[in-house]
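Coordinates in review
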Amino acid sequence: GYNPKAVITQLNAIREDILAVRGNCDTEVDQMVLEFPILADYAILCAGERMIFATHGHLFHEGQLPPLHDGDRIPAAGRSSRPSRGYRMLSSISL
């Protein structure tokens, strides 16, 4: 079964490798037990000349686009409960 305490331990063990954005179920209580930030609504990653706008998808999505220029930025949403054609659905990005 699901063991939240074990998940906390596993995530904290790799905290240097995690860049997280807040999901619709993440709260301050979750942040209290995790040793890396999880409450940002989005993150911007640089990949060469391009910028990746990473978000969960519950605030920014196809109907509510983030303020990005067409063509030079990549919107990325990781909300697997609502697949999207306009955003690249990513669970992880390696740069």
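Below: a short report on this structure. Every residue gets a number counted from 1 within its own chain, in the order that chain's sequence is written. The predicted nature of this model means local features are confined to residues of pLDDT at least 70 and side-chain atom pairs, given and counted, to a pLDDT of 80 or more, with totals for whole chains, interfaces and linings taken over all residues. Remark: hydrogens and water are excluded; side-chain values derive from all non-hydrogen atoms of the structure.

**A look at the pattern of salt bridges**
- A side-chain nitrogen of Lys or Arg and a carboxyl oxygen of Asp or Glu constitute a salt bridge if their distance falls within 4 Å. Within this structure, the stated rule accounts for three salt bridges.
- Measuring nitrogen to oxygen at the nearest pair gives 3.8 Å for the salt bridge that ties R15 to E16.
- Only protein chains enter the area calculation, which uses a 1.4 Å probe; residues under 20% of their type maximum are buried, those over 50% are exposed, and those in between are partly exposed. Its relative accessible area of 32% is what places R15 among the partly exposed residues.
- In this structure, D41 and R22 form a salt bridge, with 2.6 Å as the shortest nitrogen-oxygen distance. Taken together, the residues span a long stretch of sequence, with D41 in the loop between helix 2 (28-33) and strand 1 (42-47) and R22 in the loop between helix 1 (4-13) and helix 2 at a distance of 19 residues.
- The network of salt bridges with common partners includes R15, E16 and E35. Only DSSP runs of H or I covering at least 4 residues are called helices, and only runs of E covering at least 2 are called strands; the numbering of each starts at the N terminus.

**A short note on the pairing of strand 2 (residues 50-55)**
- Of the pairings in the sheet, the one linking strand 1 to strand 2 comprises six bridges and is antiparallel in character. Its bridge partner lying in strand 2, Y42 is registered against T55.
- Between strand 1 and strand 2, which pair antiparallel in sequence order, lie two residues; one of them, G48, sits at a positive phi of approximately 65 degrees. In this description, strands pair whenever DSSP reports at least two bridges between them.

**Regarding a nonpolar patch on the surface**
- Where nonpolar side chains cluster on the molecular surface, the patch consists of V29, M32 and V33 and spans about 320 Å² of accessible area.
- Mapped onto the fold, V33 is located in helix 2.
- Residue classification places V33 among the partly exposed positions, given a relative accessible area of 40%. Without a salt bridge and with relative accessible area above 30%, a residue can belong to a patch; like charges are then joined within 9 Å and nonpolar side chains (Val, Leu, Ile, Met, Phe, Trp, Tyr) within 5 Å. Accessibility throughout is a Shrake-Rupley quantity obtained with a 1.4 Å probe, and a residue counts as covered only by protein chains that appear here.

The values reported here are purely geometric and, on their own, carry no functional implication.
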